[in-house]
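Structure at a glance
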Amino acid sequence: MTQTPHASTDPGLGPVARFLKATEIDTRMLGMVGALLAIWVGFHLYGALVNGNGAFLTPRNLWNLSVQTASVGIMACGMVLIIITRHIDLSVGSVLGFTAMIMGIVQVWILPQSLGLGHPLIWVVTCLVGMVVGTVIGAFHGWLVAYRGIPAFIVTLGGLLIWRGAAYLLAGGETISPVDSTFALLGGGPLGAVGAMGSWIVCAIAVAAILWMNLSSRKARRAHGFPLRPLWAEVTMTALTCGLVIGATLVVNAYPWPKGIVTQYAAANNLTVPPEGLFISHGFAIPLLIMVAVAIGMTVMMGRTRFGRYVYAIGGNPDAAELSGINTRMMTVKIFALMGFLTGLSAIVASARQTSATISLGQLDELYVIAAAVIGGTSLAGGVGKIYGAILGALVMQSLKSGMVLIGFDAAIQNIVVGIVLVLAVYVDILYRKRAK
Amino acid sequence: MSNPHSATSGTPLVELRDISIAFGGIKAVDHVSVDLHPGEVVGLLGHNGAGKSTLIKCLSGAYKADSGEILINGEKAEISNPRDARHYNIETIYQTLALADNLDAASNLFLGRELVGPGGFLDDAAMEAETRKIMGRLNPNFRKFNVPVSALSGGQRQSVAIARAVYFNAKILIMDEPTAALGPHETQMVAELIQELKKQGLGIFLIEHDIHAVMELCDRAVVMKNGQRVGTVNVNEVTDDDILGMIIMGKKPPQAY
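Residues numbered from 1 in each chain as written. Chains lettered and ligands numbered in written order. Predicted model: local features only at pLDDT ≥ 70, side-chain atom pairs only at ≥ 80, totals over all residues.

1. What about the overall build of chain A?
Along chain A, the regular secondary structure elements total 17 helices and zero strands. Computed over the C-alpha atoms, the radius of gyration of chain A is 23 Å, within 12% of the 22 Å expected from 2.2 N^0.38 for a compact globule of 437 residues. Principal-axis analysis of the C-alpha atoms gives chain A an extent of 70 × 65 × 45 Å. Buried residues in chain A amount to 42% of all 437 residues. When contacts within chain A are restricted to residue pairs at least 6 apart in sequence, long-range pairs at least 24 apart make up 78% of them. (Helix = DSSP H or I, 4+ residues; strand = E, 2+ residues; numbered from the N terminus. Rg over C-alpha atoms; globule rule 2.2 N^0.38 Å. Buried ≥ 20, exposed ≤ 12 C-beta atoms within 10 Å, placed from the backbone. Contact = placed C-beta atoms within 7 Å.)

Listed below in structure tokens is the structure:
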């Protein structure tokens with residue numbers, strides 16, 4: 001077992017380069033986090049200086065941002081796989097609308113009649129129906145692409161029109177509401193969050209998981225005699241990620257319930273509200289937790305399972321993947337089915353958030369989802385893409401959108417800015433890749 | 001060089017019998033029969049478009065023959081995709097190398113046959129360790145284990161492709177111009193490897209344009225022209241010119257059968 005000299009001892013590297021190399025931080029991710037922070041601080045300062053009210057970097061806005069990002073973020077995780085394998089899915093917005101409409105019908109028109117209004121099974125059955133419908137539609141798209149040889153662009157462009165139309169036909173264009181009250185919690189809101197104690201529990205689990213992961217990966221590398229990251233780099237990175245989790249917990253716990261909800265809650269629970277008011281924290285919103293769970297699950301899948309490895313292999317060289325014995329057609333069906341599943345999940349979050357299923361739900365989402373994946377570094381040429389990138393991409397876009405709302409830009413300018421950022425992000429990515437070669 | 005007559009006795013490792021395959025009315029392979037014995041290297045020669053790659057792709061599972069049959073160890077084999085071929089311990093080193101450029105050496109080596117640990121999760125550390133082991137044997141100068149193979153030189157990429165073929169106990173090895181992209185040193189390395197694998201009892205089909213490489217490495221040579229087999233010769237019974245005559249003019253020397 002020989003220890004090859006590690007990069008941190010390389011002479012001729014500046015302190016910054018040495019730090020980056022030793023910690024193995026992805027410089028592209030660093031760039032994106034930097035861009036995100038710049039956007040946040042920029043909007044806050046603009047609000048503070050021009051409007052006299054910096055509203056961006058407040059617990060309330062950041063909490064809302066987390067809820068608004070969830071729906072697109074969940075779907076962007078699936079879109080990463082689609083784009084890595086050199087396909088595209090233009091239908092996710094319409095499939096979301098269609099699935100939400102089906103779920104609306106199930107929980108508002110059908111189930112209350114057989115189970116009774118407010119029955120605790122309603123939301124469970126509704127969610128299952130939504131996820132199954134999404135998965136089946138996705139698998140069908142994938143089958144057309146893989147086994148019938150129709151380009152994904154065409155299949156899903158057709159899907160974009162078909163499923164939106166079908167959603168309209170289902171309910172004759174009616175808005176279906178209100179959704180089941182438990183179901184509505186999945187969309188966030190003061191009650192759709194886990195509270196201060198719950199957030200600290202989530203935080204503790206996350207910190208424990210980070211520590212365990214870093215320790216076990218270090219142990220595995222040592223067992224095989226591979227070069228180790230220097231200890232100081234390991235400690236810095238661990239402290240940084242744990243700090244991020246704790247910081248996020250502090251932020252969501254600093255956002256209290258609005259007075260009206262507190263009064264209702266106090267009345268319902270026979271509490272007396274002291275004159276200075278009750279401080280009840282929101283804590284992490286449920287849709288955010290769903291998105292984070294999806295992102296973690298998908299990251300593990302992409303990095304640690306055969307399925308993920310094959311997704312990258314197909315993207316890198318479809319012929320080589322096929323010759324290596326990978327059933328690339330079946331993989332395509334599975335990838336589209338997964339996209340459909342996540343779209344169904346996203347439909348749950350989106351329709352729960354607005355407590356209704358409307359005909360326009362999810363409109364243009366396909367573009368935001370694709371943009372999130374691409375801004376997050378997923379290459380349309382295939383083979384390259386990361387889940388965390390897509391989440392960051394979704395966060396960047398949502399930050400731009402809500403930031404502009406906060407400082408009072410209208411919708412036209414919002415679209416222009418988001419469009420420019422998309423093109424710019426891809427251009428920067430191209431420059432980066434050229435330099436890396 | 002071993003005596004080819006002793007090698008060609010007994011049950012062949014592979015027998016391709018009367019294989020035909022056509023693409024849109026053009027007969028790419030026209031009733032060709034070829035066999036291969038353990039410990040034997042059979043060269044496949046011919047112009048571009050003579051049908052040698054197409055013929056061999058029927059064995060590796062990339063194409064399916066229109067007619068004819070494949071026998072492995074004397075038994076009829078059904079090979080309709082690359083997975084089936086792997087099942088029969090047939091490994092192929094393609095001219096294009098068939099590597100996923102965005103993955104590292106270990107991921108490519110184990111592609112489709114990953115090592116998994118508890119819970120079905122990929123055991124990347126074990127795969128990297130195995131890769132370091134086999135690369136240490138094949139190409140001791142290889143160091144780039146944690147970069148995508150797109151960052152490797154032609155020779156390094158070739159050694160990854162070869163490592164993949166020999167790691168999984170291949171019985172039958174198909175090499176499609178393995179030295180086409182290599183420098184002299186690496187070509188020598190491949191030649192030594194072929195001799196080594198031969199000693200271990202593998203049967204090797206070698207698709208090759210370089211007559212000298214064929215004379216040096218192969219026991220027998222099969223020459224194809226326009227989809228048909230011109231003839232098969234024992235390499236030590238003929239001269240370079242005999243083989244060239246077969247390739248260029250389709251002229252069968254008396255020793256050929």
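2. What about the overall build of chain B?
When its secondary structure is counted, chain B shows nine helices and ten strands. Scaling as 2.2 N^0.38, a compact globule of 257 residues should have a C-alpha radius of gyration of about 18 Å, and chain B matches this with 19 Å. In terms of overall dimensions, chain B has a C-alpha envelope of 60 × 35 × 35 Å along the principal axes. Expressed as a percentage of the 257 residues in chain B, the buried residues total 48%. The long-range share in chain B, meaning contacts at least 24 apart out of those at least 6 apart in sequence, stands at 64%.

3. With respect to the interface of chain B and chain A
Listed by partner, the interface residues are 21 residues for chain B and 23 residues for chain A. When residues of the side of chain B that touches chain A are traced back to their parent elements, those giving at least two are helix 3 (82-87) and helix 5 (124-138) of chain B. A class-by-class count of the residues in the side of chain B that touches chain A yields twelve nonpolar, four polar and five charged. (Nonpolar A, V, L, I, M, F, W, Y, C, P; charged D, E, K, R; others polar.)

4. Here's the deal with the nonpolar core
Nonpolar side chains tend toward joint burial in soluble globular proteins. Residue and element names in this part refer to chain A. Grouped together as the largest cluster of nonpolar side chains are 179 residues, with contacts concentrated most on Ala76, Met79 and Ala372. The dominant element in this core, judged by the number of residues it contributes, is helix 14 (residues 328-353), at 15 residues. With residues near it in sequence (within four places) discarded, Ala76 still touches Val369, Ala372, Ala373, Ala390, Ile391, Gly393 and Ala394. (Core = buried A, V, L, I, M, F, W, Y, C linked by C-beta atoms within 7 Å.)

5. Structural notes on the confidence of the model for chain A
Per-residue confidence for chain A averages 90 on the pLDDT scale, and 97% of its residues sit at or above 70. This model gives residues 1-9 of chain A a pLDDT under 50, and the stretch forms twelve contacts once residues within four places in sequence are excluded. (pLDDT = per-residue confidence, 0-100.)

6. Focus: the confidence of the model for chain B
All names here are of chain B. Across chain B, pLDDT averages 86, with 96% of residues at or above 70. Low pLDDT, under 50, characterises residues 1-7; the stretch is placed with eleven contacts to residues that sit more than four places away or in other chains. Interface confidence for the predicted complex, expressed as ipTM, amounts to 0.84; the pTM equals 0.89.

7. Some details on unusual backbone geometry
All names here are of chain A. The residue after Ser177, namely Pro178, is reached through a cis peptide bond having omega -10 degrees. Checked against the element boundaries, Pro178 lands in the loop between helix 6 (152-171) and helix 7 (181-185). Even without a glycine there, the phi angle at Arg86 is positive, about 70 degrees. Of note, Arg86 is situated in the loop between helix 3 (59-84) and helix 4 (92-115). The class for Arg86 is partly exposed, based on 16 C-beta atoms found within 10 Å. Unlike most non-glycine residues, Leu364 shows phi in positive territory, near 70 degrees. Of note, Leu364 is situated in the loop between helix 14 and helix 15 (365-375).

8. A short note on the sheet that holds strand 7 (residues 172-176) of chain B
Residue and element names in this part refer to chain B. The strand order across the open sheet formed by six strands is 6-7-8-3-9-10, and the pairing between neighbours is mixed. Edge positions in the sheet fall to strand 6 (90-93) and strand 10 (228-234), since each of these pairs with one other strand and no more. Taking the axes of each pair of neighbouring strands and ignoring which way they run, one obtains an average angle of 15 degrees across the sheet. (Pairing = 2+ DSSP bridges. Axes fitted to C-alpha atoms, helices over the stretch in contact; angles between N-to-C directions.)

9. Observations regarding the pairing of strand 1 (residues 14-23) of chain B
Successive residues of a regular strand alternate their side chains across the two faces of the sheet. Residues and elements named next belong to chain B. In this sheet, strand 4 (residues 67-72) lies alongside strand 1 in antiparallel orientation, the contact comprising five bridges. Bridge pairing in strand 4 places Val14 opposite Ile72. In this sheet, strand 2 (residues 26-36) lies alongside strand 1 in antiparallel orientation, the contact comprising seven bridges. Across the sheet, the residue bridging to Ile19 is Val32, located in strand 2. Counted between consecutive antiparallel strands, the loop separating strand 1 from strand 2 contains two residues, among which Gly24 sits at a positive phi close to 55 degrees.

10. Some words on the packing of helix 3 of chain A against helix 14 of chain A
When two helices pack together, their arrangement is captured by the angle between the axes and the distance separating the axes. Residues and elements named next belong to chain A. One way to put it is that helix 3 packs onto helix 14 with a least axis distance of 8 Å and a crossing angle of 175 degrees. Taken together, helix 3 and helix 14 sit at an angle that is classed as roughly antiparallel. Each of Val67, Ala70, Ser71, Ile74, Met75, Cys77, Gly78, Met79, Leu81 and Ile82 in helix 3 lies in contact with helix 14, whose residues at this interface are Ile335, Leu338, Met339, Leu342, Thr343, Leu345, Ser346, Val349, Ala350 and Arg353. Tallied by class, residues from the contact of helix 3 with helix 14 come to 15 nonpolar, four polar and one charged. (Parallel < 35°, antiparallel > 145°, perpendicular 65-115°, else oblique.)

11. Quick word on the environment of Ala105(B)
Residues and elements named next belong to chain B. With respect to the helices, strands and loops of the structure, Ala105 is situated in helix 4 (residues 105-109). C-beta crowding within 10 Å serves as the criterion here: with 28 such atoms nearby, Ala105 is assigned to the buried category. Sequence spacing of Ala105 and Gln156 is 51 residues, and the spatial spacing of their C-alpha atoms is 9.5 Å. Once residues lying within four places of it in the same chain are set aside, the contact partners of Ala105 are Thr131, Phe145, Val149 and Val160.

12. With respect to the sheet that holds strand 2 of chain B
Residues and elements named next belong to chain B. Across the sheet, four strands lie side by side as 2-1-4-5; this open sheet has antiparallel pairing. Edge positions in the open sheet fall to strand 2 and strand 5 (75-77), since each of these has one partner strand only. Shown here is a sheet whose adjacent strand axes are inclined to one another by a mean of 30 degrees, direction ignored. Inspection of the sheet shows strand 4 paired to strand 5 by three bridges, in the antiparallel sense. Each residue of the ladder has a partner; that of Leu71, found in strand 5, is Lys76. Packed onto the sheet, helix 2 (residues 52-60) meets strand 1, strand 2 and strand 4 and runs at close to 120 degrees relative to strand 1.

13. Notes on the pairing of strand 9 (residues 220-225) of chain B
Residue and element names in this part refer to chain B. Most of strand 9 sits out of view: six of its six residues are buried. Side chains Arg220, Val222 and Met224 project from strand 9 onto one buried face, and the interleaved Ala221, Val223 and Lys225 project onto a second face that is buried too. With six bridges connecting them, strand 9 and strand 10 associate as antiparallel partners. Of the residues in strand 10, the one forming a bridge with Val222 is Thr232. Linking two consecutive strands that pair antiparallel, namely strand 9 and strand 10, is a turn of two residues; a positive phi of about 50 degrees is found at Asn226 within it.

14. Thoughts on the environment of Gln398(A)
Residues and elements named next belong to chain A. Checked against the element boundaries, Gln398 lands in helix 16 (residues 387-406). Looking at Gln398, the number of C-beta atoms within 10 Å reads 23, which means it is buried. The sequence separation of Gln398 and Leu62 amounts to 336 residues, and the corresponding C-alpha distance is 11 Å. Residues contacting Gln398, with those up to four places away along its chain left out, are Leu65, Gln68, Thr69 and Val72.

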